[in-house]
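Chain by chain, the residues:
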Amino acid sequence: MPAEPVWTDPYGTPVRQFGNGERRIDDYAFALGAARTIWQQRRRRDVVYFLMTGIQLAIAVPAAGLLGVPVVMKFSGSNEVRKLTKSALGRLELAALRRWGRRVMLLNDGMVEEALGAGFDSGRLMWMPNPVNTTEFTPASAAERAALRQEFGLPRDSGVAIYTGRLAPEKEIGHLLDGFANTELPEAQLVLVGDGPLRNELQARARQLQIADRVRFTGERGSELGVK
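Residues numbered from 1 in each chain as written. Predicted model: local features only at pLDDT ≥ 70, side-chain atom pairs only at ≥ 80, totals over all residues. Heavy atoms only, no water.

Draft legend 1. The arrangement of the side chain of Glu 93 in detail. Relative to the helices and strands, Glu 93 resides in helix α4 (residues 88-100). Exposure remark for Glu 93: the relative accessible area of 3% places this residue in the buried category. Once residues lying within four places of it in the same chain are set aside, the contact partners of Glu 93 are Thr 53, Gly 54, Ile 55, Leu 57, Ala 58 and Leu 84. (Helix = DSSP H or I, 4+ residues; strand = E, 2+ residues; numbered from the N terminus. Buried < 20%, exposed > 50% of the residue type's maximum accessible area, 1.4 Å probe, protein only. Contact = heavy atoms within 4.5 Å.)

What follows is the structure, given as structure tokens:
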């Protein structure tokens, strides 16, 4: 995110940012800022869309609901609903969504089970997959695949598993490394495309598992590799 509090994204959407930090007070600043904005713009908004879990659900969702602005929520990953049930604040967030959420969007059947177990009405749940730009993100040609194998030092005929995304705790990449270490395909290669706070730890884990020579950390790459 840019450091500026007000900016416009590449699609022309105006963005207002609150908090923008890792301290607990920044979470409250974001939640209160979102609730204040909903109040100020209550007659100009057709819907309020929430994506991430956090204290803003306990503060801004009721603000929107009490003002009569429809609320839509998307849970962006598995186990998020289950995690919320394990804390008082999380249960408060779920209660706000159960009361005022018009639609709760989920990615897979397992998340539907979580939501039903947390007391959500099945009529409010809907499937909403993460979109992919299939014009930009297309399978590589044979020549492109050969060039990428050469760039990363991958054997020409070896099997390759690829992960793309942040190297962050919630991605559980450590388990991926553990499983890869036990594969019965000794020539297989693992390519981790992306960067994040766990990179050094994961590299150390690969060395500990004695698979460092078969694991490639490319760092963050642009669309030339089909990822951002």
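Draft legend 2. Representation of the pattern of salt bridges. Evaluation of the coordinates by the stated rule reveals six salt bridges. Put simply, Asp 157 and Arg 156 hold a salt bridge, and the shortest N to O gap is 3.9 Å. Residue classification places Asp 157 among the exposed residues on the basis of a relative accessible area of 67%. The class of Arg 156 is exposed, set by a relative accessible area of 70%. (Salt bridge = Lys/Arg side-chain N within 4 Å of Asp/Glu carboxyl O.)

Draft legend 3. Fine view of the packing of helix α7 (residues 173-181) against helix α8 (residues 199-208). The N-to-C vectors of α7 and α8 enclose an angle of 15°; their axes lie 10 Å apart at closest approach. One finds that α7 runs roughly parallel with respect to α8. Crossing of α7 over α8 shows right-handed handedness. Residue-level contacts link Ile 173, Gly 174, Leu 177 and Asp 178 of α7 to Leu 202, Arg 205 and Ala 206 of α8. Residue classes in the contact of α7 with α8 are distributed as four nonpolar, one polar and two charged. (Axes fitted to C-alpha atoms, helices over the stretch in contact; angles between N-to-C directions. Parallel < 35°, antiparallel > 145°, perpendicular 65-115°, else oblique. Left-handed = near helix turned anticlockwise from the far one by under 90°. Nonpolar A, V, L, I, M, F, W, Y, C, P; charged D, E, K, R; others polar.)

Functional significance is not addressed by these values, which are geometric in nature.
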